[in-house]
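Here's the letter readout for the chains.
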Amino acid sequence: MKLSLLTNGWGMMFGVPTAVVDKYLKLSTPSQLKVLLYLLRHQCTEIDTAEISKALSINEELIEEALIFWEQTELFSEVHESPADIEIKAAQEKTIPNKIPDAIATASDTDKNINTNININKNTDTRTPIAVSQRSSSEVTLTPSEIASELRNNNGMMELFRMAEQLIGEPLNHMQQRSLLWQYQYLQVPGDIILTVMSYCRSMDKNSMQYSEKLLYSWWNKGICTMQQINDAIVKDQESRSYHGMIARTLDMQRPPTPKQREFFDSWQALNIPIDLIRYAYEKTIEQTDKRSLPYMNKILTDWTKAGYKTREEVDLGDKLTQNSNSIKNKKNTGKKKADIPESPMADAYRALIYNINE
């Protein structure tokens, strides 16, 4: 295939260093190249990751990772802060913690000299949850050099990084390293539990470290902190996802269920309502409302559960018995109404006329 350059498409131009192609094109990711082109185009001195994220439709964490990547090349150098800026930054750091506290920076599940602020269950060799101010690793600032320093001082974390790389099949990037360090050092989660959650998430095709971190953090906050509890939580989550998935397919849902819809699903699962009965309630809902109304379905299923129905046949039989019962009641009521109607005073004269009409 041959290409010819269209000169009318070349208005304003900016330069791209040859080193980008010669040395870094093979090493850089697509997001890193996009960030580089943006920086070269705008000649940014003060970098606003939120603005770049909006312009490129890239997650801010990927932008931060790209900036760290290009900062370590010969293409960029960090602008040194003025004394005034340093003072302002120091004042902010006093009020807002932005990195892992030194007290727990070197702790590991294999260390014997563990800080007294960390609670360890000696019977199971498992760390218990501690109060944290950061809710995710994105709130922690750690440079690659700081992470490397932590790895040199902590054999347990080094082993965790090695096992994580084997699990995902590629070297860890900066965000993944930061996430693992935050979980291991800051949340005090044992390495085997971190790897177990990562493996479970990958089995669901949820390969993002951010996803496994969020799942582990939610369990850890609920006091699910031993390997047995984690395994039980995984089994329960699998059952829930399987049940939710079957309901979603039954209801022809093209998008993941909303939190409110999941509440209905959970209530049906708690009542052990069979999927076939849910499908039948869905069919009746469509017949009556011509739309997928989960509140309407929930009313039907609640009534069926109270009646003890488990199958379509039981529902149909129950409906038939109800209809027959209502029909009998209506006939009785109709008979009573006829008997209760007062007779006209002229009834006797009318009957005499009819009976003697031929005389």
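Since we're looking at a predicted model, the values are computed, not measured. (Residues numbered from 1 in each chain as written. Predicted model: local features only at pLDDT ≥ 70, side-chain atom pairs only at ≥ 80, totals over all residues. Heavy atoms only, no water.)

There is a patch of nonpolar side chains on the surface, built from Phe-14, Val-16 and Leu-37 and spanning about 240 Å² of accessible area. Positionally, Phe-14 belongs in the segment before helix 1 (18-24). The class of Phe-14 is partly exposed, set by a relative accessible area of 36%. (Patch = residues over 30% accessible without salt bridge, like charges linked within 9 Å, V, L, I, M, F, W, Y side chains within 5 Å. Areas by Shrake-Rupley, 256 points an atom, 1.4 Å probe, with all protein chains shown as cover. Salt bridge = Lys/Arg side-chain N within 4 Å of Asp/Glu carboxyl O. Helix = DSSP H or I, 4+ residues; strand = E, 2+ residues; numbered from the N terminus. Buried < 20%, exposed > 50% of the residue type's maximum accessible area, 1.4 Å probe, protein only.)

Counting 35 residues, the largest nonpolar core has Leu-180, Ile-194, Val-197, Met-198, Leu-216 and Trp-219 as its most contacted members. Top contributing element to this core by residue count: helix 9 (residues 191-203), with seven residues. Once you skip the residues sitting within four places of it in the chain, Met-198 turns out to touch Ala-164, Leu-167, Ile-168, Leu-180, Met-209 and Ser-212. Membership of the second largest hydrophobic core comes to 22 residues, among which are Leu-277, Ile-278, Leu-294 and Trp-304. (Core = buried A, V, L, I, M, F, W, Y, C linked by side-chain atoms within 4.5 Å. Contact = heavy atoms within 4.5 Å.)

With that settled, the discussion passes to helix 7 (residues 155-168). The first and last C-alpha atoms of helix 7 sit 20 Å apart over 14 residues, in line with the 20 Å expected at 1.5 Å per residue. Residues of helix 7 that are buried: Gly-156, Met-157, Leu-160, Phe-161, Ala-164 and Ile-168. All buried residues of helix 7 project into a common sector of 140° when viewed along the axis, lining one side. In helix 7, the exposed positions angled more than 90 degrees off the buried face are occupied by Asn-155 and Gln-166. (Expected span 1.5 Å × (residues − 1). Arc of directions from axis to C-beta.)

Turning our attention to empty space enclosed by the protein. In this structure the tally under the stated criterion is one cavity of 30 Å³ or more. If you trace the largest cavity, you find it lined by Ile-168, Met-198, Cys-201, Arg-202, Lys-206, Asn-207, Ser-208, Met-209 and Ser-212. Contributing elements (two or more residues each) for the lining of the largest cavity: helix 9 and helix 10 (209-221). Here the lining of the largest cavity takes three residues from helix 9, the largest share from any one element. Of the residues in the lining of the largest cavity, the class split is four nonpolar, three polar and two charged. (1 Å grid on protein atoms, 1.4 Å probe; cavity = no way out; pocket = protein on both sides within 12 Å on 5 of 7 lines; lining within 4 Å. Points joined across faces, edges and corners; volume = space filled by probe spheres on them. Nonpolar A, V, L, I, M, F, W, Y, C, P; charged D, E, K, R; others polar.)

What follows concerns the side chain of Ser-53. Structurally, Ser-53 can be placed in helix 3 (residues 49-56). Since its relative accessible area comes to 17%, Ser-53 is described here as buried. Here Ile-58 takes part through its backbone oxygen, which lies 2.5 Å from a polar atom of the side chain of Ser-53. Excluding residues within four positions of it along the chain, Ser-53 makes contact with Ile-58, Asn-59, Glu-60 and Ile-63. (Polar contact = N/O pair within 3.5 Å; in protein donor to acceptor, adjacent residues only side chain to side chain.)

Here we take up the layout of surface pockets. Of the volumes computed, that of the second largest pocket is approximately 1400 Å³. Contributions of two or more residues to the lining of the second largest pocket are made by helix 4 (60-71), helix 8 (174-186), helix 10, helix 11 (227-250) and helix 12 (259-270). A breakdown of the residues in the lining of the second largest pocket according to their chemical character gives 15 nonpolar, 14 polar and 16 charged.

The next subject is the pattern of salt bridges. Here the structure, examined in full by the defined rule, presents seven salt bridges. Across the pair Lys-260 and Glu-263 runs a salt bridge, and its minimum N-O distance is 3.5 Å. Of this pair, Lys-260 and Glu-263 are both found in helix 12, three residues apart, which corresponds to roughly one turn of the helix. For Arg-312, the salt bridge identified is with Asp-276, shortest N-O distance 3.3 Å. Taken as a pair, Arg-312 in helix 15 (residues 312-339) and Asp-276 in helix 13 (residues 275-289) lie far apart in primary sequence, 36 residues in all. By relative accessible area, which is 35% here, Asp-276 ends up partly exposed. Among the charged side chains, a salt-bridge network with shared partners connects Asp-276, Arg-279, Glu-283 and Arg-312.

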